[in-house]
Amino acid sequence: MDDELEEKVIQVNRVTKVVKGGKRLRFNALVVVGDKKGQVGCGMGKASEVSGAVRKAGAAARKNLIQVPLKDNTIPCQMTAKFGAARVLLKPASPGTGLVTGGGVRAVMELSGVEDVLSKQLGSRNPINVVQATIEALKKIEELKMISNMRREGKSAQA
């Protein structure tokens, strides 16, 4: 299963700590993984070398995979989600529109298999928070789909 997952590095950040003997360099990385068939996840990794941070972030992303509900290569409904100070608005688009998104949102959408979507980043443009907000929006769509299925079957959503 992990063989078909693609990995995309969104951000590598260098962090320095000033100590008595000088500066200590460390790196943190933000990675998104997905199979372009409805599964996507993101993860953060920290290490003293870039390659170690990216490897750890990829492993964390594989542990946090979610299933994205797709409807004709787009999302089924409009959704807004917030993470930290970043807000992301996702709107379904007609076939052939493509990904009208930027930055971290584009990477998440590409790797999840969504081909037509419109999006807007509101508030903070911090890539970590934008990617997390996008994942939250996709989780909310899944929850809405589950609730609507329960209602169709005649069960209470609170049960």
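Just so it is clear, the model here is predicted, and its values are computed rather than measured.

What counts and how
Residues numbered from 1 in each chain as written. Predicted model: local features only at pLDDT ≥ 70, side-chain atom pairs only at ≥ 80, totals over all residues. Heavy atoms only, no water. Pairing = 2+ DSSP bridges. Helix = DSSP H or I, 4+ residues; strand = E, 2+ residues; numbered from the N terminus. Contact = heavy atoms within 4.5 Å. Axes fitted to C-alpha atoms, helices over the stretch in contact; angles between N-to-C directions. Patch = residues over 30% accessible without salt bridge, like charges linked within 9 Å, V, L, I, M, F, W, Y side chains within 5 Å. Areas by Shrake-Rupley, 256 points an atom, 1.4 Å probe, with all protein chains shown as cover. Salt bridge = Lys/Arg side-chain N within 4 Å of Asp/Glu carboxyl O. Buried < 20%, exposed > 50% of the residue type's maximum accessible area, 1.4 Å probe, protein only.

*Asks:* For this particular structure, what's the right way to read the sheet that holds strand E6 (residues 86-92)?
*Replies:* Strands pair in a sheet through their backbones, by hydrogen bonds, and they do so in one of two ways: parallel or antiparallel. With mixed pairing, four strands are arranged side by side in an open sheet as E5-E6-E8-E7. The strands lining the two open edges of the sheet, one partner per strand, are strand E5 (79-83) and strand E7 (99-100). Bridge analysis of E6 against strand E8 (residues 117-123) gives seven bridges, and the strand direction is antiparallel. The residue of E8 that forms the bridge with Pro-92 is Val-117. Contacting E6, E7 and E8, helix H2 (residues 103-112) runs over the sheet at an angle of about 145 degrees to E8. Together, E5, E6 and E8 form the strand contacts of helix H3 (residues 127-152), whose direction differs from that of E5 by roughly 135 degrees.

*Asks:* Looking at this structure, how should I read a nonpolar patch on the surface?
*Replies:* Together, Val-9, Val-12 and Val-50 make up a nonpolar patch on the protein surface, roughly 200 Å² of accessible area in all. Relative to the assigned elements, Val-12 resides in strand E1 (residues 6-19). Judged by relative accessible area, Val-12 falls into the partly exposed class, the value being 39%.

*Asks:* I keep staring at the pairing of strand E2 (residues 22-34) and nothing clicks. Help me out?
*Replies:* Side chains on a regular strand alternate between the two faces of the sheet. Relative to E2, E1 runs antiparallel, the two sharing 13 bridges. Its bridge partner being in E2, Lys-8 is matched across the sheet by Val-32. Note that E2 and strand E3 (residues 39-47) share eight bridges and pair antiparallel. Paired with Val-33 across the two strands is Gly-41, which belongs to E3. The hairpin formed by E2 and E3 contains four residues between the paired strands, and Lys-36 there has a positive phi angle of roughly 60 degrees.

*Asks:* Sorry, what's going on with the sheet that holds E3 here?
*Replies:* On the basis of which strands lie adjacent, the open sheet formed by four strands has the order E1-E2-E3-E4 and antiparallel pairing. Sheet topology places E1 and strand E4 (66-67) at the edges, where each strand pairs with a single neighbour. The sheet strands contacting helix H1 (residues 50-63) are E1, E2 and E3, and the helix crosses E3 at an angle near 145 degrees. Against the sheet, H3 makes contact with E1, E2, E3 and E4, and its axis sits at roughly 150 degrees relative to E3, the strand it touches most.

*Asks:* So what exactly am I meant to see when it comes to the pattern of salt bridges here?
*Replies:* Close approach of charged atoms lets side chains of opposite charge pair. Applying the stated criterion across every chain, the model contains five salt bridges. Two residues, Glu-6 and Lys-36, come together in a salt bridge whose shortest N-O distance is 3.6 Å. Of this pair, Glu-6 sits in strand E1 while Lys-36 sits in the loop between E2 and E3; the two residues are 30 residues apart in sequence, bridging distant segments of the chain. Residue classification places Glu-6 among the partly exposed residues on the basis of a relative accessible area of 38%.

*Asks:* I would appreciate a short explanation of the environment of Ile-75 in the present structure.
*Replies:* In this structure, Ile-75 sits in the loop between E4 and E5. Residues Ile-75 and Glu-143, 68 residues apart in the sequence, show an inter-C-alpha distance of 13 Å. The contact partners of Ile-75, leaving out residues within four places of it in the chain, are Pro-69, Leu-90, Lys-91, Pro-92, Val-114, Val-117, Leu-138 and Ile-141.

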